[in-house]
Every structure is written in C-alpha cells, then in structure tokens.
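So you can see what is in the structure, the chains are spelled out below.
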Amino acid sequence: MEAQLNYARKFGKHDVTGMLLYNQNDYRYNSELARRYQGLVGRVTYGYDDRYLAEFNAGYNGSENFIKGRRFGFFPAFSLGWRISNEEFMESTQDWLNNLKIRASYGEVGNDAYSGNRFLYEEKWSQISNDYYFGSGGKTGIYEAQYPNLFVTWERAHKYNLGVEFTLWNGLLSGNVDFFHEKRNDILTTYLSRPEWVGVVMAAGNLGETKNSGYEIELKHSNNIGEDFTYTVGLTYSHAKNEIISMDEPANKTDYRKREGHPINQYFGLICDGFVTEADLASGNLPVSTFATGEVKAGDLKYRDINKDGFIDDRDETFMGYSDIPETTFALTLGANYKGWGFNVMFQGVDNVSRYYDAEAMYAFVSGGKVKEHHLQRWDPSKSEAHNLANAKYPLLHYDSFGDHNQRLNSFFLQDGSFIRLKNIELSYTLPDQWIKHVGMSSCRLYVNANNLLTWDHLDDLVDPESNGSNRYPIMKTVNFGVNINF
C-alpha cells in the first residue's frame with residue numbers, strides 16, 4: 001500500500017518542491033509468515049535562480065526483524081549545489097564555459113537483512129529425528145538452535161560525495177568528477193569472539209564495520225564534421241578500495257590470518273612456492289601435508305609453512321592476491337553517424353582483481369571425464385624434471401588415494417583477473433523516408449551487432465573473466481541481425 005503527496009511552487013527566482021510518501025508492505029507466500037515493512041519518506045528541494053540548489057531527504061522505516069522499540073530507524077540525506085557558471089562574475093567565460101557546478105552530499109541508508117534469517121531477537125528451536133533412543137527405537141528431539149539477540153537493530157551506511165560537473169565549448173567536452181567515501185557500521189554479522197555456549201548458536205549482532213572510498217571520472221566529447229557526419233567519444237573510469245575495519249575477530253587471532261584490515265572478499269588460502277622437486281624430497285625438510293592421505297611426490301604443489309611448525313594445515317592459510325571485486329573499472333565508447341549509417345562500439349575492462357579458476361576442473365580427468373587440452377600441460381613424470389619445471393602449468397595428477405592437497409585454495413591457481421573486452425559493436429542503416437513512406441512506415445532501421453567478440457585477459461580463454469570461481473562459464477559470443485520498423 002502506498003500514499004503520496006506532491007507539492008511544487010515557483011516564487012520568482014525561488015523554486016520549491018516537496019514530496020511525502022507512505023508505504024506499507026505485507027508479503028505472504030504459501031504458509032510462510034507474512035513479511036511486513038512500514039515506512040515514511042519525504043523530500044524537499046529548493047533552488048534559487050538556478051544557482052543555489054539544496055535538497056533534503058529523510059526516511060523513517062520499520063522492519064519486522066527487530067524487537068519492539070528497535071524496529072524503526074531514521075535515515076536522513078541532504079545535498080547542496082552551486083552552479084558557478086550562472087554567477088555574474090562568470091559572464092566573461094560563457095563563450096567557452098557553458099556549465100560549471102559543484103555539489104556535495106551526505107546520506108544514510110539502512111539494512112535489516114542477514115542471510116535470509118528473520119526475527120533475530122527470537123530464540124529458535126529445531127527438530128531432529130532419532131536424536132535419542134529408548135530401547136531400540138529412535139525418538140524425535142527438539143533443541144535450541146539459536147540464542148536470541150534482543151539488541152540487534154539497523155545496519156547503517158554513511159555516504160559522502162563531492163563532485164564537479166562541467167560543459168565546455170558548447171558540448172565539445174563535458175563530464176563529471178566525483179570523490180566518494182562510505183562507512184558502514186553496525187553491520188549484521190556472526191559472533192566470532194564468543195563461544196557457542198552448550199552448543200547454542202548466538203544470533204547475529206551489529207558487529208561489523210567497513211569503509212569504501214574512491215573516485216569516478218566520466219568524460220564525453222561530441223562533434224560534427226560538416227552537416228552529415230557526427231561522432232561521440234565517451235570515457236568512464238572509477239577506482240575504489242574497501243577495507244574491513246571490524247568483524248568481531250578474537251583479539252589473540254594470528255595477525256596474518258585476521259581479515260580486519262583487508263579488503264572484502266580478498267582471497268584466503270595457502271601460498272604456493274611452485275612444485276615439489278626431487279631435491280625437496282631428498283632433503284627431508286619438506287613440511288608434512290595434512291591434506292594428503294597418500295605420498296607427496298615430485299610435481300605436487302609445494303606450500304609455504306607460514307607458522308614454521310613443520311606441517312601444512314589450515315593454520316598456514318593467509319591472504320593472497322586481490323579481492324574478487326575489481327578496484328578499477330573503465331569503459332570506452334565510440335559512436336558515429338553519416339547519412340543514415342550508424343556505428344557504435346564499446347570497450348570495457350577491469351584491473352586490480354583476482355580470479356580463482358580450474359583447480360577442481362583439472363581433476364575431471366582422474367574421475368573419468370574427458371581430458372581437456374590445457375590439462376596436457378600438467379606435470380608429466382615420464383619427462384625430465386627440468387622439462388616439467390619449464391613447461392608444466394598444472395601439478396601431477398594422482399590416480400591413487402591422495403586427498404585434496406593439490407586442490408586446496410592456493411595462490412598457484414589464483415589468476416590475474418584483469419581484462420579488456422570488446423563488449424559490443426553495432427553497424428546500422430536507417431532507410432531514407434522517401435523509400436518507406438509509400439508503404440506506411442515512419443522509420444525502418446537495419447542492424448547487425450555482436451557481443452564479446454574479443455577479450456584480452458590472463459585466463460587462456462578457459463572461462464569468462466567476469467564470472468567468479470564458482471561459475472566457470474566460457475566466454476559467450478553472440479551475433480544478431482535485425483530490423484526495427486515503426487508505422
């Protein structure tokens with residue numbers, strides 16, 4: 001249910017608008033308890049002489065996921081703008097500076113969701129079959145599956161932005177430059193520093209804190225040559241870095257294993273120092289792998305014993321590479337039109353990102369699957385060690401019971417996920433009006449376009465670099481032919 005009021009009025013150079021919106025949601029699915037939310041949103045804008053601009057937004061939202069007294073949260077936001085190019089002292093620049101605007105904003109938004117879990121303030125009970133026995137028959141048991149958190153409430157994000165907009169030489173060059181900073185606190189996350197008393201899991205709490213900051217640049221150049229040829233060039237570039245400030249990690253946790261201070265989703269695993277060699281085996285100094293149920297051989301992966309205890313286990317895992325969230329994204333667009341002919345092309349890419357691929361897929365050969373061509377580049381025991389060290393891209397394949405030593409999340413299979421891609425390209429032709437008006441058409445456009453034709457990456461075309469490690473999809477290339485007709 002929604003109800004909305006709007007207001008707009010102009011008083012000379014003063015321009016005022018307002019909006020008030022009430023919404024209430026009651027969603028029911030089958031026998032599930034109804035999901036209910038309630039909120040009141042308001043907005044007021046003010047402009048003076050198209051030079052000084054201000055806006056205030058506020059939301060007062062309620063969620064069923066919190067206990068009475070903590071269900072509603074107030075989330076304000078405001079922004080200020082100054083169109084400098086409209087000031088009298090800028091009149092001498094109007095022949096080349098058409099628009100210059102500075103803006104700043106601050107806002108808060110809330111989140112009440114945690115991994116699909118509802119009613120974190122309620123204790124939860126679960127039922128399990130054959131939990132205990134009287135005689136020979138198993139009986140159903142009921143146990144407390146979640147200890148309630150009465151103090152849980154809204155997660156908040158505080159967003160800051162400072163930006164500049166400009167247009168030069170009557171549109172020959174225009175763009176935006178934005179600097180942003182976001183801090184999230186009271187993030188709903190699992191307790192890590194508290195034990196699970198008597199087997200009961202504590203409900204999530206407002207424990208997490210992160211920050212994210214960076215900048216975005218958008219530039220566009222448009223021009224025409226003569227009366228028939230027009231073209232545009234666009235460039236976008238953004239760079240952002242995030243960091244986990246707090247997530248309730250134990251104070252005595254080993255520093256190299258703490259996620260606090262590292263980017264969100266940074267890869268965490270074993271550091272690989274190449275392949276095990278005959279010299280490593282002969283030295284007797286090779287750490288014992290707890291992940292190998294069989295004998296470690298030349299050609300298996302050699303992991304770094306970070307804590308120097310003589311064993312390779314979970315305590316040797318640490319951070320490696322970048323996150324799976326790119327720090328840098330960019331795109332270049334080109335477009336042109338000439339006497340009904342149109343051409344558009346877009347390149348896009350990312351940098352400072354890691355992808356984890358093919359550690360499991362390479363073992364399809366062992367389980368009876370077909371050998372992939374790239375698997376032939378594995379360590380071959382029939383060839384010399386020198387040859388393998390120079391050419392092998394995959395470790396030794398085991399046919400015996402060996403465990404998952406070579407398949408652990410590790411730096412050997414962590415790839416540079418940066419790429420540049422010809423995302424799409426299109427050629428079109430719009431038929432002249434005198435050709436189509438006799439059949440009642442108002443427009444007719446023929447086109448051919450293609451997506452993902454070319455990709456330059458570091459993944460040997462095995463997978464799409466935009467997919468993550470759990471979705472190893474190949475690069476999908478498509479070509480379309482079509483016609484748009486309007487009557």
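Residues numbered from 1 in each chain as written. Predicted model: local features only at pLDDT ≥ 70, side-chain atom pairs only at ≥ 80, totals over all residues. Heavy atoms only, no water.

Undergrad: Mind showing me how you'd approach the environment of Lys13 here?
TA: Tracing the backbone shows Lys13 in the loop between strand E1 (2-11) and strand E2 (14-27). Its relative accessible area of 46% is what places Lys13 among the partly exposed residues. Between the C-alpha atom of Lys13 and that of Asp50, which follows or precedes it by 37 residues, the distance is 7.9 Å. Look past the residues within four positions of Lys13 in its chain and what remains in contact with it is Gly47, Tyr48 and Asp49. (Helix = DSSP H or I, 4+ residues; strand = E, 2+ residues; numbered from the N terminus. Buried < 20%, exposed > 50% of the residue type's maximum accessible area, 1.4 Å probe, protein only. Contact = heavy atoms within 4.5 Å.)

Undergrad: Please explain the confidence of the model for the protein chain as it appears in this structure.
TA: The predicted structure's coordinates, where accompanied by low pLDDT, should not be read in detail. A residue-level look at the protein chain finds 91% of positions with pLDDT of 70 or above and a mean pLDDT of 88. Taken as a whole, residues 359-369 scores under 50 in pLDDT and shows 23 contacts with residues more than four places along the chain or in a different chain. (pLDDT = per-residue confidence, 0-100.)

Undergrad: Would you take a moment to explain the pairing of strand E4 (residues 52-63) for this structure?
TA: Each regular strand shows side chains that alternate between the opposite faces of the sheet. Sheet topology note: the strand E3 (residues 35-48)/E4 ladder contains 12 bridges and is antiparallel. Bridged to Gln38 within E4 is Gly62. Between E3 and E4, which follow one another and run antiparallel, lie 3 residues, and Asp49 among them has a positive phi close to 55°. As judged from the 11 bridges shared by E4 and strand E5 (residues 72-83), these two strands associate in the antiparallel manner. If you follow Tyr60 over to E5, its bridge partner there is Phe74. (Pairing = 2+ DSSP bridges.)

Undergrad: Would you take a moment to explain the nonpolar core for this structure?
TA: Grouped burial of nonpolar side chains is what soluble globular proteins tend to show. Judged by nonpolar contacts, the single largest core of 18 residues is most densely connected at Leu301, Tyr303 and Trp379. Listing elements by their share of this core, those giving two or more residues are strand E15 (272-275) and strand E17 (301-303). Setting aside its immediate chain neighbours within four residues, Trp379 contacts Phe275, Val276, Ala298, Gly299, Glu385, Asn388, Leu389, Ala392, Tyr394, Pro395 and Leu396. Of all hydrophobic cores here, the second largest spans 9 residues; its members include Phe75, Leu120, Leu188 and Ala203. (Core = buried A, V, L, I, M, F, W, Y, C linked by side-chain atoms within 4.5 Å.)

Undergrad: Explain the environment of Tyr356 here, please?
TA: Its location among the elements puts Tyr356 in strand E22 (residues 354-356). Look at Tyr356 and you get buried, because its relative accessible area is 9%. Between the C-alpha atom of Tyr356 and that of Pro465, which follows or precedes it by 109 residues, the distance is 9.9 Å. A polar contact of 3.2 Å, which involves the side chain of Tyr356, links it to the backbone nitrogen of Asn410. (Polar contact = N/O pair within 3.5 Å; in protein donor to acceptor, adjacent residues only side chain to side chain.)

Undergrad: What's the story with the pattern of salt bridges in this structure? I'm lost.
TA: Side chains bearing opposite charge may pair, as long as their charged atoms lie close to each other. Tallied over the entire structure, the rule returns 27 salt bridges. In this structure, the salt-bridge partner of Asp314 is Arg408, at a minimum N-O distance of 3.2 Å. With Asp314 in the loop between strand E18 (311-312) and strand E19 (318-323) and Arg408 in the loop between helix H2 (385-391) and strand E23 (414-416), this residue pair connects regions lying 94 residues apart in the sequence. A relative accessible area of 40% means that Asp314 is categorised as partly exposed. Among the charged side chains, a salt-bridge network with shared partners connects Glu155, Lys159, Glu182 and Arg184. (Salt bridge = Lys/Arg side-chain N within 4 Å of Asp/Glu carboxyl O.)

Undergrad: Looking at this structure, I do not really get the side chain of Asp316. What am I missing?
TA: Here Asp316 shows up in the loop between E18 and E19. Of the side chains with opposite charge, Arg315 lies nearest to the buried Asp316, which makes no salt bridge, at 6.7 Å. At 3.3 Å, the side chain of Asp316 and the backbone nitrogen of Asn307 are in polar contact. (Lys, Arg positive; Asp, Glu negative; His and termini not counted.)

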